[in-house]
Amino acid sequence: MTAPRRFYLHSYGCQMNKLDSELVASRLLHAGLEPAATEHEADVVLLNTCSVRQHAEDRVWSRLGRLRIRKRAEPGLVVGLLGCMAEEHQRHVQARMPHVDLIVGPSAFGDIDAKVQAALERNAARAAEAVLAQRDAPGAGILAVGQGVSGDTIVRNVRTRPHRSQAYVSVMRGCNMPCSYCIVPLTRGDEVSRPIADIRAEVERLVGDGVTEVTLLGQTVNAYGRDLGPGVTLAVLLRTLHEIPELRRIAFITSHPNFLSRELIDAIAELPRVARYLHLPAQSGSNAMLKSMRRGYTRERYLARVAELRARAPDVELHSDFIVGYPGESDADFAATATLMEEVRFAQSYVFQYSPRPGTHAAAELADDVPRAEKERRNQVLLAIQERICREHHAALLGTVVEVLVEGPSPRIAGRMTGRSVHHRIVHFPADDAALVGTYMPVRITSAGAHCLVGELLPENHHAETGVARA
Ligand code: SF4
């Protein structure tokens, strides 16, 4: 009997990619492959990639370079490039990287197991014949983007969740927004929402398998349902899923400010088991930049949406993304972003330095005119502001008791476990008990840093004051 083939999957980028990786892994497990503990032990190395940032792409190119060296010694090795870079750079990879056996875009993961098996057989035959040097012309045999069935038809009966109580659920794919700097509409295509009944059935299956927290994923998740006709909205979906009693937390990312409707605000306010944080990227505080970015809202409109949300659901915290160094961003534009950050007092922000993405409007039409050093400086300024705000938020929690969904042992400190509050804050506490994983435990906060909270575990029946799911 031959040993099962082993795969190793690197995932880059956003939550959508993480979910895609989970789907790919589930298909491979279902097909009889086994996960390898390290890349070095794997017969199949897959890179599920992200095109949104240049830095993420650079890491992938460098890893592909290292795999080329390994493949010279191990011709049976299967190397696969998946995800957005596969979609965007297909021709380049076919022409310049013949050691890449698979190039599969996000819409073609449905039969990834068959593609991997075919590549394994092809490489094994080539290795056996020792004709690697005369291999096919570049690109021959490569399984290209778009082949296979839609990602939505993927069978999802084997999952590789970090632990049994959490799962990501893709509710839509693609994006119809025109943001000038973003490659996603090109790589992932138009918005396609899944019917509510399908999503509910999937969540019920997950709940039957022990899941108590789901995160609904979409590039513009609060635009969910636009393609399915009137009456199908994220608010309706949240209300439907909220009927499943075993679900303790329902989160959703990423939201666009334009679709933060009154209906959705009402749902967030009225549904206690909807997570108490909202990722609502502002990107800039300058109206000139927002217009050039084609975000479709002004600073004033963004703030008005935030005010309405806070009036209805004051316990909901806001997370944001910001781009610094966008073409034409002046000192005054940047200062407006800094003041927006101060005004909203986000609980968390991701700051990105602008880099032009080929194929986007901004790359084609606008000069990347903010010097690299200035982008870095602005980045550091925003990070410092956000860090101070985080410390202030966290300090206010000292002595309170928060409910934590325990995720597992701390990756850094032995004898500590870690989990997330309903506000998505990282909480560590001294414990070493595998039975706690997946449970909701009260933790009294005893110390607070900028990036995490530390506390002491309390008995299970202790009342949590903050972040408890109000049933
Ligand atoms: S909303 Fe804009 S930034 Fe977000 S995925 Fe769509 S185009 Fe990209």
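Residues numbered from 1 in each chain as written. Predicted model: local features only at pLDDT ≥ 70, side-chain atom pairs only at ≥ 80, totals over all residues. Heavy atoms only, no water.

(A) The arrangement of the nonpolar core in detail. Ranked by size, the top nonpolar core spans 56 residues in total, and within it L216 and F252 carry the most contacts. If sequence neighbours within four positions are ignored, F252 has contacts with T215, L216, V221, L234, L238, L264, I268, V274 and L278. Counting 18 residues, the second largest nonpolar core, distinct from the first, contains L64, L67, V100 and I103. (Core = buried A, V, L, I, M, F, W, Y, C linked by side-chain atoms within 4.5 Å. Buried < 20%, exposed > 50% of the residue type's maximum accessible area, 1.4 Å probe, protein only. Contact = heavy atoms within 4.5 Å.)

(B) Up close: the packing of aromatic side chains. Following the criterion strictly, the structure yields five aromatic pairs and no others. Ring centres of F322 and F346 lie 5.6 Å apart, and the angle between their planes is 75°; this geometry places the pair in the edge-to-face category. Highlighted residues: F322 in strand β12 (residues 317-324) and F346 in the loop between α12 (331-344) and β13 (348-353), separated in sequence by 24 residues. With relative accessibility at 0%, the residue F322 sits in the buried group. Note on F346: relative accessible area 0%, which makes it buried. Here Y326 and Y354 contribute two aromatic rings whose centre-to-centre distance is 5.3 Å and whose plane-to-plane angle is 75°, an arrangement assigned as edge-to-face. With a gap of 28 residues between them, Y326 in the loop between β12 and α12 and Y354 in the loop between β13 and α13 (361-365) connect regions that are remote in the sequence. Residue Y354 is classed as buried on the basis of its relative accessible area, which comes to 5%. Of the aromatic side chains, those joined through ring pairs into one cluster are Y297, Y302, F322 and F346. One cation-aromatic arrangement involves R248 over Y440; the distance from NZ or CZ to the ring centre is 4.1 Å. (Phe/Tyr/Trp six-rings, centres within 6.5 Å; stacked < 30°, edge-to-face > 60°. Helix = DSSP H or I, 4+ residues; strand = E, 2+ residues; numbered from the N terminus. Lys NZ or Arg CZ within 6 Å of the ring centre and 35° of its normal.)

(C) Here's a closer look at the sheet that holds strand β15 (residues 416-420). With mixed pairing, the five strands of this closed barrel are ordered in space as β14-β15-β16-β18-β17. Shown here is a sheet whose adjacent strand axes are inclined to one another by a mean of 55°, direction ignored. (Pairing = 2+ DSSP bridges. Axes fitted to C-alpha atoms, helices over the stretch in contact; angles between N-to-C directions.)

(D) Layout of the site of the ligand. Residues in close proximity to the ligand include C175, M177, C179, Y181, C182, V184, P185, Q219, T220, H256 and R295, which together make up its full environment. Per-class residue counts for the shell around the ligand are seven nonpolar, three polar and one charged. (Near = heavy atom within 4 Å. Nonpolar A, V, L, I, M, F, W, Y, C, P; charged D, E, K, R; others polar.)

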